[in-house]
Amino acid sequence: MTPTHAFPAARPHNLAEDGYAIALGCAFIAMGLMLLKQANLVTGGMAGIALLLSYLIHWSPATLFLLINIPFFLFAGRAMGAAFGLKTLFANIAIMGLGTMMPLALELARVSPLFAALFGGSIIGFGILAIARHGAGVGGLGVIALTLQKTRGWNAGRTQMIGDAIILAASLPLLSADRFALSVLSAAAINAVLIVNHRPGRYIGH
């Protein structure tokens, strides 16, 4: 058994580190949404709901991502603390801003749906992971999953997977069979990142 003194004591992240990591996480999520939207895919979580609604009302998925998360900000603050709620609000505003500006800096003429599902889903997962590691969430199901992990020890990735199944089932009437299968793959890519990386004892930072 490795002695406990072999590992350095965990030190909390400072505000600058939190801000930097959350900003990068938001950029990953905005880019992932852009890839999935270009490929006409859906995914799990609030990103999936935002994409699903964007095909119905033709709004930016990043804007919808913020709007549908509004009811969860108060819950995040009450369940996880005021600092968590404020960071979550900041993250959602940043995702909307980056999602609005990113198409001005990067134009996607074509993207393989398989690439969009795997890479887009994975970077959304890493974005959620970066934000969670620095004391914030992306709202919605993610906040509920993180709350249950903190209070009951439930794995956040597995908890979110249950919600994802419901969201993906709702997309069936709008997607072809191949797009639905790839949407399921994108949700699996997001959750694989969280299941492997976001669990108690895996990370010594705060």
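Scope of this entry: the structure provided in the associated data block. (Residues numbered from 1 in each chain as written. Predicted model: local features only at pLDDT ≥ 70, side-chain atom pairs only at ≥ 80, totals over all residues. Heavy atoms only, no water.)

## Description of the pattern of salt bridges
Logical step 1: Counted by the stated rule, this structure contains 2 salt bridges.
Logical step 2: The partner of K87 in a salt bridge is D18, with the nearest N and O atoms 3.0 Å apart. Highlighted residues: K87 in helix α4 (residues 82-105) and D18 in helix α1 (residues 15-38), separated in sequence by 69 residues.
Logical step 3: The partly exposed category is assigned to K87, whose relative accessible area is 23%.
Logical step 4: A relative accessible area of 7% places D18 in the buried class.
Logical step 5: We note a salt bridge from D178 to R179, for which the minimum N-O separation is 3.4 Å.
Logical step 6: D178 gets classed as partly exposed once you look at its relative accessible area, which sits at 43%.
Logical step 7: Under the relative-accessibility criterion, R179 is labelled partly exposed at 23%. (Salt bridge = Lys/Arg side-chain N within 4 Å of Asp/Glu carboxyl O. Helix = DSSP H or I, 4+ residues; strand = E, 2+ residues; numbered from the N terminus. Buried < 20%, exposed > 50% of the residue type's maximum accessible area, 1.4 Å probe, protein only.)

## Focus: the nonpolar core
Logical step 1: Ranked by internal contacts, the top residues of the largest apolar core, which has 36 residues, are I29, F65 and I131.
Logical step 2: Broken down by secondary-structure element, the contributors of at least two residues to this core are α1, α2 (45-57), α3 (61-80), α4, α5 (113-133) and α8 (177-197).
Logical step 3: The dominant element in this core, judged by the number of residues it contributes, is α5, at 7 residues.
Logical step 4: With near-sequence residues (within four places) excluded, I29 lies in contact with I95, I123, I124, G127, I128, I131 and V138. (Core = buried A, V, L, I, M, F, W, Y, C linked by side-chain atoms within 4.5 Å. Contact = heavy atoms within 4.5 Å.)

## A few points about a nonpolar patch on the surface
Logical step 1: A cluster of nonpolar side chains, contributed by L56, I57, W59, L67, I70 and L174, occupies part of the molecular surface with about 570 Å² of accessible area.
Logical step 2: Put simply, the parts of the chain that give the nonpolar patch at least two residues each are α2 and α3.
Logical step 3: One can find I57 in helix α2.
Logical step 4: Taking relative accessible area as the criterion, I57 reaches 43% and is therefore assigned partly exposed. (Patch = residues over 30% accessible without salt bridge, like charges linked within 9 Å, V, L, I, M, F, W, Y side chains within 5 Å. Areas by Shrake-Rupley, 256 points an atom, 1.4 Å probe, with all protein chains shown as cover.)

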